[in-house]
Amino acid sequence: MIKLDELVEAISREIGLDQDDIAQRKSILEISESDLMCLRHVHARLARHQGELVGAIHAYLEKLPVLGNLIGDATTAERLKHAQSEYFIRLSAGEYDLGYFKHRLRVGAVHQHIGLEPKWYVGAYRKYLSELTPLLLELMQDEPDQFWPTYNALLKVVCLDIVLALDTYFQIDRQAILSAKQYTEEIIRSMPSGLMVLDAQFRIRSVNRVMSQMFGIEGLDQIAGADVREVIPNAQLGDCIREVSANGGEHTLLVAIPGASDVRHVEFKISAALLGQESILLLMAQDVTERVRSQEEMRRFRMALDSSIDAVYLIDRAQMRFIDVNETACVALGYTHQELLSLGPQHLEPGEGEMERLIRCLDDVVQSESKTGMIRTAYQRKDGSRQPVEVYLRSIESEGGQLLLAVARDMTQRLQAEAVLRESEERFRVAFNQAAVGLAHVGTDGRWLMVNRKLCQIVGYTQQELLGMSFRDITHPDDRIVDRELARSMFRRELDEKTREKRYRHKNGYYIWVNVTSSTVRDEDGNPKYFSTVVEDISRRKQIEEELLHLANHDALTHLPNRSLLLDRLSQALVYANRSDGQVAVLVIDLDRFKNINDSLGHDVGDRIIIEVGRRLLACAHEGDTIARVGGDEFVVLRPDVQREETAAILAREILEALACPMTIAGHEFYPTASIGIGMYPKDGQDGQALLKNADTAMYRAKDAGRNNFQFYAHEMNSRALDRLKLESGLRRALERK
């Protein structure tokens with residue numbers, strides 16, 4: 001009821017219902033005070049017959065099918081009769097104030113609400129007047145002169161009611177139209193798409209908010225009547241608008257519109273329509289930039305997916321079928337895209353027992369926390385051949401179901417490469433272990449990473465023992481400094497490879513000579529990973545070299561240094577003496593009459609005598625002295641760092657005494673003697689050759705002096721040495737007499 005009252009008040013405001021309006025309405029219908037008096041005069045008599053009038057009107061209404069349906073059941077009919085009776089009683093009451101008018105508006109609003117059209121409304125009033133006329137004539141038969149004034153007054157009030165009813169209908173319809181218009185406008189304003197209405201000349205008549213925002217239109221006032229082709233300057237759009245205007249129908253167009261910083265994509269829908277009798281064009285626009293970008297991204301993604309070297313499958317776990325695959329999968333298996341979408345993993349015949357394993361793996365991936373997994377299997381191609389694959393799986397939930405993304409990588413080349421690698425590794429392992437030289441990988445920290453059997457044999461350690469050690473653990477202490485410097489050079493990339501001879505300590509404690517070649521193996525960044533090392537046992541070679549060196553520098557019979565080694569040591573002694581202002585003594589010794597022994601007793605006896613002489617000379621030598629055999633029966637004694645000349649004389653006398661002792665060889669007793677020549681540096685020569693030559697001269701002088709004596713190259717040294725020897729001999733004999 002509140003809404004009905006509000007509606008009546010709203011209608012009253014719309015039609016301007018007030019006292020002035022009421023007076024005007026009465027004036028138009030010429031309703032005068034005399035009319036009101038006539039109605040009041042007959043009102044009571046008419047009221048007693050309202051039931052008859054209402055019954056007649058109701059019977060009339062029930063005969064009309066449309067109105068009969070509106071009346072409904074008996075209860076509704078009785079309620080309607082009661083309302084109609086009250087309505088017609090008030091019609092003749094003669095009181096037509098604001099309350100009466102609002103009551104009539106209320107009745108009209110109810111009739112409009114229930115769907116009673118104005119024609120039936122007027123028909124009911126017509127029936128009322130038809131039934132009222134004879135009744136009024138009968139009631140006023142005693143006052144025949146009042147009939148027509150009274151009837152005329154009733155007719156005026158009936159017209160007043162009809163006009164009020166029509167006003168009610170019109171206002172309600174108008175409000176409905178306005179409401180619909182407002183609703184439509186609100187919908188248009190709220191549309192997510194832009195809307196523009198054009199007339200037949202393509203002039204803008206209206207535009208909604210979205211369209212304004214889309215094209216920077218600040219208000220309709222600025223563009224009303226403007227040509228749309230000027231507001232949205234686009235040749236394609238202009239051509240499309242002209243085509244739709246000429247041919248009708250609807251056309252959709254996607255237009256790229258350059259912006260300040262990027263390009264916007266707008267989808268236009270142009271359609272022709274009629275607004276009344278006027279032809280208009282509806283231009284709808286939607287910014288589809290994000291959609292176009294998404295489609296472009298999807299297109300690029302699809303291109304990338306199809307360009308992948310791996311086959312990609314999207315599997316519906318419930319139905320066990322492929323719902324999407326990439327181009328690589330089609331090429332790999334030999335099926336078309338459509339053919340694969342009708343298949344599932346089970347149709348690729350993974351192999352006996354593989355299908356159950358595959359299903360378990362799929363379920364494990366779905367149920368796992370990581371939603372990922374991997375399986376190796378084999379697929380059967382369309383041509384029947386088989387393809388080994390490594391499949392990476394990821395579970396995805398979509399629309400309440402489980403999808404599995406499978407990325408399958410062809411393992412054919414990889415397996416072939418692995419087989420080749422295994423074969424290569426086996427060849428390497430065999431070659432590594434069977435190599436005739438020691439092979440090893442050494443870490444940057446010096447630890448053995450890998451060693452072969454030969455290296456173990458060289459150093460005497462087991463493989464396990466070596467892998468727990470560093471190469472420094474078995475390196476000779478004198479070689480470690482050089483190793484450290486070479487390693488630094490290799491780290492600094494000054495050297496990539498080094499070869500050197502060094503000594504390793506054998507497990508049994510002795511040192512062996514080895515030739516070590518190391519090459520740096522670097523990672524992709526150029527940093528050292530390890531050193532590849534070749535170890536060759538050169539102990540035998542070193543021994544041979546030492547033997548050859550010994551043979552080259554020593555006398556084969558006595559094993560004493562020969563002339564070559566003597567000269568080398570003499571030159572070193574002279575350099576040292578020159579720096580320290582010291583002296584060097586060279587004694588050239590030649591056996592007396594040795595040729596007679598060789599000629600009479602043979603070279604074998606002579607050789608044995610030479611050997612014994614060499615032994616006796618060694619017994620006379622001090623540390624640092626060199627005893628050399630430089631000829632058949634010629635020896636040289638080198639004593640460096642001599643403080644006095646007398647030291648050389650004492651040494652010569654000791655040699656003569658040692659040689660004078662008898663020796664028994666081959667049953668013969670010999671008393672060998674020798675002649676000794678002494679040369680002193682720097683007095684008797686500034687170099688080795690000169691010193692030896694002068695000492696040799698002194699030796700011949702000793703022979704000339706009767707043999708079995710010694711002589712200095714300088715004469716004054718001879719006399720001093722002789723005096724001293726005489727003194728020492730005299731002292732020794734005196735001591736012996738005591």
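Residues numbered from 1 in each chain as written. Predicted model: local features only at pLDDT ≥ 70, side-chain atom pairs only at ≥ 80, totals over all residues. Heavy atoms only, no water.

Re the overall build of the protein
If you tally the helices and strands in the protein, you get 28 helices and 22 strands. Against the 2.2 N^0.38 benchmark of 27 Å for 738 residues, the protein shows a C-alpha radius of gyration of 69 Å, more extended than a compact globule. Judged by the C-alpha coordinates and their principal axes, the protein covers about 220 × 65 × 60 Å. With 738 residues in all, the protein has 42% of them scored as buried. Considering only intrachain contacts with a sequence separation of at least 6, the fraction spanning at least 24 residues in the protein is 53%. Here the protein displays about 41000 Å² of accessible surface, and carbon together with sulfur accounts for 52% of that area. (Helix = DSSP H or I, 4+ residues; strand = E, 2+ residues; numbered from the N terminus. Rg over C-alpha atoms; globule rule 2.2 N^0.38 Å. Buried < 20%, exposed > 50% of the residue type's maximum accessible area, 1.4 Å probe, protein only. Contact = heavy atoms within 4.5 Å. Areas by Shrake-Rupley, 256 points an atom, 1.4 Å probe, with all protein chains shown as cover.)

Looking at the pairing of strand β17 (residues 626-629)
Here β17 shows no split at all, with T626 and A628 on one side and I627 and R629 on the other all buried. Where β17 folds back on strand β18 (residues 634-642), the antiparallel hairpin that results is connected by 4 residues. (Pairing = 2+ DSSP bridges.)

Structural notes on the pattern of salt bridges
Tallying each qualifying case throughout the model produces 44 salt bridges. With a closest N to O distance of 2.7 Å, D167 and R25 form a salt bridge. With a gap of 142 residues between them, D167 in helix α9 (residues 144-190) and R25 in helix α2 (residues 19-28) connect regions that are remote in the sequence. No difference in accessibility class separates D167 from R25, as the two residues are buried. (Salt bridge = Lys/Arg side-chain N within 4 Å of Asp/Glu carboxyl O.)

Observations concerning the packing of aromatic side chains
Tallying each qualifying case throughout the model produces 10 aromatic pairs. Judged by centre distance (5.0 Å) and plane angle (35°), the ring pair of Y313 and F322 falls under tilted. Of the two residues examined, Y313 and F322, each falls in the buried class. Every member of this aromatic cluster is reached through a ring pair, and the members are Y96, Y100 and F101. Its end group placed over the ring of F215, R264 keeps NZ or CZ at 5.7 Å from the ring centre. Geometry around W513 places K542 over its ring, the cationic atom sitting 4.4 Å from the centre. (Phe/Tyr/Trp six-rings, centres within 6.5 Å; stacked < 30°, edge-to-face > 60°. Lys NZ or Arg CZ within 6 Å of the ring centre and 35° of its normal.)

Overview of the nonpolar core
Judged by nonpolar contacts, the single largest core of 45 residues is most densely connected at L46, F88, L91, F101, Y128 and L136. When contributions to this core are tallied by element, the ones reaching two or more residues are α1 (2-15), α3 (33-47), α4 (50-63), α6 (74-91), α7 (98-113), α8 (118-139) and α9. Excluding anything up to four places from it in sequence, L136 contacts V42, L46, F147, T150, Y151 and L154. Within the second largest apolar cluster, 34 residues are counted, among which are I597, A652, L656 and I678. (Core = buried A, V, L, I, M, F, W, Y, C linked by side-chain atoms within 4.5 Å.)

A word on the pairing of strand β16 (residues 583-591)
Moving residue by residue along a regular strand, the side chains alternate between the two faces of the sheet. Taken across its 9 residues, β16 has 9 buried, putting it largely inside the fold. Neither face of β16 is open: one carries Q583, A585, L587, I589 and L591, the other V584, V586, V588 and D590, and all of them are buried. Of the strand pairs in this sheet, β16 and strand β21 (residues 674-681) are connected by 8 bridges, and their pairing is antiparallel. From the neighbouring strand, L587 faces β21, where its bridge partner is I678.

With respect to α7
With 16 residues, α7 ought to run about 22 Å at 1.5 Å a step, and its terminal C-alpha atoms sit 22 Å apart, in line with that. Where α7 is concerned, the buried positions are Y100, F101, R104, L105, V107, G108 and A109. G115, located one to two residues past α7, shows a positive phi value of around 95°. (Expected span 1.5 Å × (residues − 1).)

A few points about the environment of T558
Considering the arrangement of structural elements, one finds T558 in the loop between α22 (539-553) and α23 (563-580). Counting along the chain gives 99 residues from T558 to V459, while the straight-line C-alpha distance between them is 36 Å. Those residues in contact with T558, other than ones at most four positions away along the chain, are I610, I611 and R629. At 2.7 Å, the side chain of T558 forms a polar contact with the side chain of D555. (Polar contact = N/O pair within 3.5 Å; in protein donor to acceptor, adjacent residues only side chain to side chain.)

Details of the sheet that holds strand β7 (residues 321-325)
Whether parallel or antiparallel, the strands of a sheet pair through hydrogen bonds between backbone atoms. Taken together, 5 strands build an open sheet; the order of strands is β7-β6-β10-β9-β8 and the sheet is antiparallel. Edge positions in the sheet fall to β7 and β8 (372-380), since each has one partner strand and no second. For this sheet, the mean inter-axis angle between neighbouring strands, taken without regard to orientation, is 35°. Pairing of β8 with strand β9 (residues 386-398) involves 9 bridges; the strand directions are antiparallel. Residue pairing across strands places G373 opposite L393, the latter belonging to β9. Along the sheet face, helix α17 (residues 354-367) touches β8, β9 and β10 (401-410) and points at about 155° away from the line of β8. (Axes fitted to C-alpha atoms, helices over the stretch in contact; angles between N-to-C directions.)

Details of a nonpolar patch on the surface
There is a patch of nonpolar side chains on the surface, built from F428, L449 and M450 and spanning about 270 Å² of accessible area. Its location among the elements puts M450 in strand β12 (residues 448-451). Classification of M450 by relative accessible area gives partly exposed; the value is 32%. (Patch = residues over 30% accessible without salt bridge, like charges linked within 9 Å, V, L, I, M, F, W, Y side chains within 5 Å.)

Focus: the sheet that holds β18
In spatial order, the strands read β17-β18-β16-β21-β22; together these 5 strands make up an open sheet with mixed pairing. Strands with a single pairing partner mark the edges of an open sheet, and in this sheet they are β17 and β22 (710-712). The mean inter-strand angle of the sheet, taken between neighbouring strand axes irrespective of direction, is 20°. In the packing of helix α26 (residues 645-660) onto the sheet, the strands contacted are β16, β18, β21 and β22, and the crossing angle to β21 comes to about 160°.

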